[in-house]
Amino acid sequence: MSSLRNAVKRITHKERSQPTKRQHLGLLEKKKDYKVRAKDYHQKQNVLTSLRRKAAQRNPDEFYFGMKNSTVRNGKHRLNEEAKAKLREDEIGADAVKLMKSQDLTYVRMQTMKDA
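First, a word on what this report is: a plain description of the structure on this page.

1. Looking at the side chain of asparagine 80
Phase 1 of the analysis: With respect to the helices and strands, asparagine 80 occurs in the loop between strand E2 (76-79) and helix H3 (81-92).
Phase 2 of the analysis: On the basis of relative accessible area, asparagine 80 is assigned to the buried category, the value being 18%.
Phase 3 of the analysis: Ignoring any residue separated from it by four or fewer positions in sequence, one finds asparagine 80 in contact with Lys68, Asn69, Ser70 and Thr71.

Quick look at the structure:
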């Protein structure tokens, strides 16, 4: 009997559409749309509460050496010029930097000799 009961076509329940008098308000939000929106909202609220909790429990005396090499501009952490130069020097290599500096010095000396 149970197989016969499963064979019978069931009615699919449809969600109602937006009434014509309320068409000017836009699309009618369905339950599945609300659930997605609510889940996203609650996830964002949970992130904000965890960040607030972390900020409240933060140690004001905490120190990292990265703090010496960076400053805050427009709410974002940026490396100082000295730190950027050090990074570039590490990427290029100490020998290449020495060579470039010596070439710069010889160029400046040559220009002063030419102008004098």
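Past the structure itself, the notes keep going.
2. Some words on the packing of aromatic side chains
Given two aromatic rings, one states the distance between the centres and the angle between the planes to describe the pair.
Phase 1 of the analysis: Within the structure shown, the criterion is met by 1 aromatic pair.
Phase 2 of the analysis: Relative to phenylalanine 65, the ring of phenylalanine 63 lies with its centre 5.2 Å away and its plane at 75°, an arrangement referred to as edge-to-face.
Phase 3 of the analysis: Taking relative accessible area as the criterion, phenylalanine 63 reaches 45% and is therefore assigned partly exposed.

3. A closer look at the pattern of salt bridges
Phase 1 of the analysis: Under the definition given, this model contains 2 salt bridges.
Phase 2 of the analysis: Linking glutamate 29 and arginine 37 is a salt bridge whose minimum nitrogen-to-oxygen distance equals 2.8 Å.
Phase 3 of the analysis: The exposure class assigned to glutamate 29 is partly exposed, which follows from its relative accessible area of 40%.
Phase 4 of the analysis: Its relative accessible area of 48% is what places arginine 37 among the partly exposed residues.
Phase 5 of the analysis: Between aspartate 40 and lysine 44 there is a salt bridge whose closest N-O contact spans 3.2 Å. In this pair, aspartate 40 and lysine 44 both sit in helix H2 (residues 31-56), 4 residues apart, roughly one turn of the helix.

Rules used in this analysis
- Residues numbered from 1 in each chain as written.
- Predicted model: local features only at pLDDT ≥ 70, side-chain atom pairs only at ≥ 80, totals over all residues.
- Heavy atoms only, no water.
- Helix = DSSP H or I, 4+ residues; strand = E, 2+ residues; numbered from the N terminus.
- Buried < 20%, exposed > 50% of the residue type's maximum accessible area, 1.4 Å probe, protein only.
- Contact = heavy atoms within 4.5 Å.
- Phe/Tyr/Trp six-rings, centres within 6.5 Å; stacked < 30°, edge-to-face > 60°.
- Salt bridge = Lys/Arg side-chain N within 4 Å of Asp/Glu carboxyl O.

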